[in-house]
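One letter stands for each residue in the lines below.
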Amino acid sequence: MRRRAVLSAFTASLGAGCSAFESDERRGRGTFGVDDPPTGTGTQRALRPVPYSQFEGTTAALPAADRVVAFSPAETGSSNSLVLRVGFERDATASRPATLRATLRNRSDTTMTVDTRGIPAFDPEPVYHPVETGAADDDGSAASAGAFALAPTPDHPFSSSTPAVAQSDDGSWTVPGVDAWLPAEVEIGPWGNATGRYALVGVDPGRDDATPTDDSDSAATQATGDAGVTSVAAGRYRLGEGGLATTAHVWDLTEPGPTTPADGVGSGLPPLSSVDTWYHDVTPRVRAWVAPATRRVAAPSALSFELVNHTERNLVGRTDQWGLYRLADGAWRPLTWRGRNDISEPILPGERVSWTLRLAHDGTPPSGDGFAVPFLGGGTYAFASAYAEGFAAAFELDAPELSLRPTDGVVVDREGDALVVSDPGLDDESTVLVFERRAVDATPSRSLVTEQLYRDRALRNTLAYADRADVVRYRTATPPERGPFQWGDGPFQFAYDGEASAVERVDDATRARRRPRE
């Protein structure tokens, strides 16, 4: 049965020390960056900015079990002005389990009576199960294999009882079961904090219970073995509900990486600039990688990629910094590159981010979420993310060979020896840009493939008619996208299909003239 308790004047009773963790420079741990709460004034106090580096300490090692635990995000917020922050104080050892602090802050000018059910760590029965294996048994017990509990320590300011944290026969730090250790409601004053300290332990319903010691620094532990290990299973755990929910990631410390299939995809590939880690090269000991959902796919299809951070540091970068490349003639040809470099969106330890590409041979990618990538021929491709040192994954696309065609509806005219290709709808009032392609005698250092030309309208609509005239002009009222090349106004020299060409912008204010059709 859940016990009800209401705590008043919480801020005053906890004091200034409740807004900070103990310092540990080795793991980058420090204060949460919260101003000491006011005492009874009701005056709004601003939160100091919290740099991402402060949250690099939100991991704990469970070394004897070869596990690492990480919370992400480390800070969550709800629509009713509550902010939750969690962080580990120390790793597990042979003499104590891993411990953490959780702080719930009221960012409003009024006193709040908070229903703690469903709030991570503050829930009356804080037990959590791997997402992959479901929840507790039908009778409500925490008997599922791999579950962990956040057991309040004896110095927890509003715990109604101290859980019996001890080592099981296998050396794991566990509790024999989970009860309603905490109240269902907490009262927090204006801009005040509620902070609790916890031991992260496994749940062992079959353990012979032990009489705990009265040691607040070791979370009432009793050592019955010689290894500080945990029974917590590797996997992903969802903590709480709504805006305050967070996720705990648990992974193997010695073999955090995947085992890639021996399907031949990726063998013998050339290097790709700014990529240090290829998926086909990773071993179970690799700590960060990007993986495709499958390494062979037929167009049209949606293909997802996931970047996993099993390191104990942030991976710096942005989710929109990624590129797609095609392998041709022993070199990677850029097709699509997205991203900005101004603001970082780091991936915290244990976090995963994903991208979905909707791949198509023609101009109609499959519907759904993700990025549309049309006009692809069959062959070997690579998806690359610019996070940290750079990660990439190769895949094979099954599709027909791609042939070059102009955009729909273009109008083709003759102007002397030149062929003029115009976008539909241009009239005497249109201000147009003119791009001209000429055959050249030089030997360009760059060669392009058909998939690249489809990413640049000026190149596409001039090269599509290169077999009909040495000079092709493309007229448009819309500045064409420049694809991955960023070649400016030219002249841009390259080889395509065995012939050297130069394309440049020759007139940016030419009035369209009506010409007879061919």
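Residues numbered from 1 in each chain as written. Predicted model: local features only at pLDDT ≥ 70, side-chain atom pairs only at ≥ 80, totals over all residues. Heavy atoms only, no water.

## Some remarks on the sheet that holds strand β23 (residues 352-359)
Pairing is mixed in the open sheet, where 4 strands are placed in the order β18-β20-β23-β24. Across the chains shown, the open sheet's two edge strands, defined by having one partner strand only, are β18 (288-292) and β24 (371-373). Ignoring which end each strand starts from, the neighbouring axes of this sheet average 25° apart. In this sheet, β24 lies alongside β23 in parallel orientation, the contact comprising 3 bridges. When the bridges of β24 are listed, leucine 359 appears paired with valine 373. (Pairing = 2+ DSSP bridges. Helix = DSSP H or I, 4+ residues; strand = E, 2+ residues; numbered from the N terminus. Axes fitted to C-alpha atoms, helices over the stretch in contact; angles between N-to-C directions.)

## Comments concerning the pattern of salt bridges
Considering all chains together, one arrives at 16 salt bridges under this definition. A salt bridge links aspartate 423 to arginine 457, with the shortest nitrogen-to-oxygen separation between them at 3.5 Å. With aspartate 423 in the loop between β28 (418-422) and β29 (431-439) and arginine 457 in helix α3 (residues 457-463), this residue pair connects regions lying 34 residues apart in the sequence. Put simply, arginine 473 and glutamate 436 hold a salt bridge, and the shortest N to O gap is 2.7 Å. Within this pair, whereas arginine 473 is found in strand β30 (residues 471-476), its partner glutamate 436 is found in strand β29, the two being separated by 37 residues in sequence. (Salt bridge = Lys/Arg side-chain N within 4 Å of Asp/Glu carboxyl O.)

## Re the packing of aromatic side chains
Throughout the structure, instances matching the rule amount to 14 aromatic pairs. Consider the rings of phenylalanine 492 and phenylalanine 494, whose centres lie 5.3 Å apart with planes at 35°: the pair is tilted. Residue phenylalanine 492 is classed as buried on the basis of its relative accessible area, which comes to 6%. Taking the relative accessible area as the measure of exposure, phenylalanine 494 reaches 0% and is therefore buried. Members of the aromatic cluster, each reached through a chain of ring pairs, are Phe305, Trp322, Trp355, Phe371, Tyr381, Phe383 and Phe395. Positioned above the aromatic ring of phenylalanine 375, the side-chain terminus of arginine 460 is 4.9 Å from the ring centre. (Phe/Tyr/Trp six-rings, centres within 6.5 Å; stacked < 30°, edge-to-face > 60°. Buried < 20%, exposed > 50% of the residue type's maximum accessible area, 1.4 Å probe, protein only. Lys NZ or Arg CZ within 6 Å of the ring centre and 35° of its normal.)

## A closer look at the environment of arginine 455
When you line up the elements, arginine 455 lands in the loop between α2 (450-453) and α3. A relative accessible area of 11% means that arginine 455 is categorised as buried. As a C-alpha pair, arginine 455 and phenylalanine 485 span 30 residues in sequence and 9.2 Å in three-dimensional space. Other than its neighbours up to four places away in sequence, arginine 455 contacts Leu335, Thr336, Val373, Pro374, Phe375, Leu376, Glu481, Arg482, Gly483 and Pro484. Separated by 2.4 Å, the side chain of arginine 455 and the backbone oxygen of proline 374 make a polar contact. A distance of 3.0 Å separates a polar side-chain atom of arginine 455 from the backbone oxygen of phenylalanine 375. (Contact = heavy atoms within 4.5 Å. Polar contact = N/O pair within 3.5 Å; in protein donor to acceptor, adjacent residues only side chain to side chain.)

## Thoughts on unusual backbone geometry
The step from alanine 299 to proline 300 runs through a cis peptide bond, and the omega angle for that step is 0°. Counting through the fold element by element, proline 300 comes out in the loop between β19 (296-298) and β20 (301-309). With a phi close to 70°, alanine 121 is a non-glycine residue in the positive phi region. Turning to its location among the elements, alanine 121 is positioned in the loop between β8 (112-115) and β9 (127-128).

## Regarding the sheet that holds strand β15 (residues 235-239)
Across the sheet, 4 strands lie side by side as β3-β4-β16-β15; this open sheet has antiparallel pairing. Every interior strand has two partners, whereas the edge strands, β3 (59-62) and β15, have only one. Strand-to-strand twist across the sheet, computed as the mean angle between neighbouring axes with direction ignored, equals 20°. Across 6 bridges, strand β4 (residues 67-72) lies against strand β16 (residues 246-252) in antiparallel orientation. Along β16, the bridge assignment pairs phenylalanine 71 with alanine 248.

## Considering the confidence of the model for the protein
Mean pLDDT over the protein: 78, with 76% of residues reaching 70 or higher. Scored below 50 in pLDDT, residues 133-144 makes 16 contacts in the model with residues more than four places away or belonging to other chains. Segment residues 210-230: pLDDT under 50, and 64 contacts once partners within four positions in sequence are set aside and those in other chains are kept. (pLDDT = per-residue confidence, 0-100.)

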